[in-house]
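# Examining the three-dimensional arrangement
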Amino acid sequence: MHAIDWQKSTYSGDGSNCVNVAATPGGTVALRESDTPDTTLITTRARLGELIRALKAQQPTP
């Protein structure tokens, strides 16, 4: 099994509730919550992009 290089989201700040993301050797993307690192969500780059765009569309305008 290959080691995964987890990266902390820049939006997580200095707190303990962090989202980690990693590119997998198979070309997918892995996501996990730092408080529960044994639970991992695997998705494609395209689907993650869709999720991020949808979340940004839900943000109120300042």
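Our subject in this report is the structure included herewith. Quantities reported herein were computed from a predicted structural model and do not represent experimental measurements.

## Here we look at the pattern of salt bridges
What the rule picks out here adds up to one salt bridge. Taking the shortest distance from any N to any O, the salt bridge between Glu50 and Arg47 comes out at 3.0 Å. Highlighted residues: Glu50 and Arg47, both in helix 1 (residues 45–57), separated by three residues, approximately one helical turn. Taking the relative accessible area as the measure of exposure, Glu50 reaches 40% and is therefore partly exposed.

## Quick look at the environment of Ile42
With respect to the helices, strands and loops of the structure, Ile42 is situated in strand 4 (residues 36–43). Along the backbone, Ile42 and Ala3 are 39 residues apart, and their C-alpha atoms lie at a distance of 15 Å. With residues up to four places along the chain from it excluded, the contact list for Ile42 reads Thr28, Val29 and Ala30.

About the criteria used
- Residues numbered from 1 in each chain as written.
- Predicted model: local features only at pLDDT ≥ 70, side-chain atom pairs only at ≥ 80, totals over all residues.
- Heavy atoms only, no water.
- Salt bridge = Lys/Arg side-chain N within 4 Å of Asp/Glu carboxyl O.
- Helix = DSSP H or I, 4+ residues; strand = E, 2+ residues; numbered from the N terminus.
- Buried < 20%, exposed > 50% of the residue type's maximum accessible area, 1.4 Å probe, protein only.
- Contact = heavy atoms within 4.5 Å.

Function-wise, these values are silent; they only describe arrangement.
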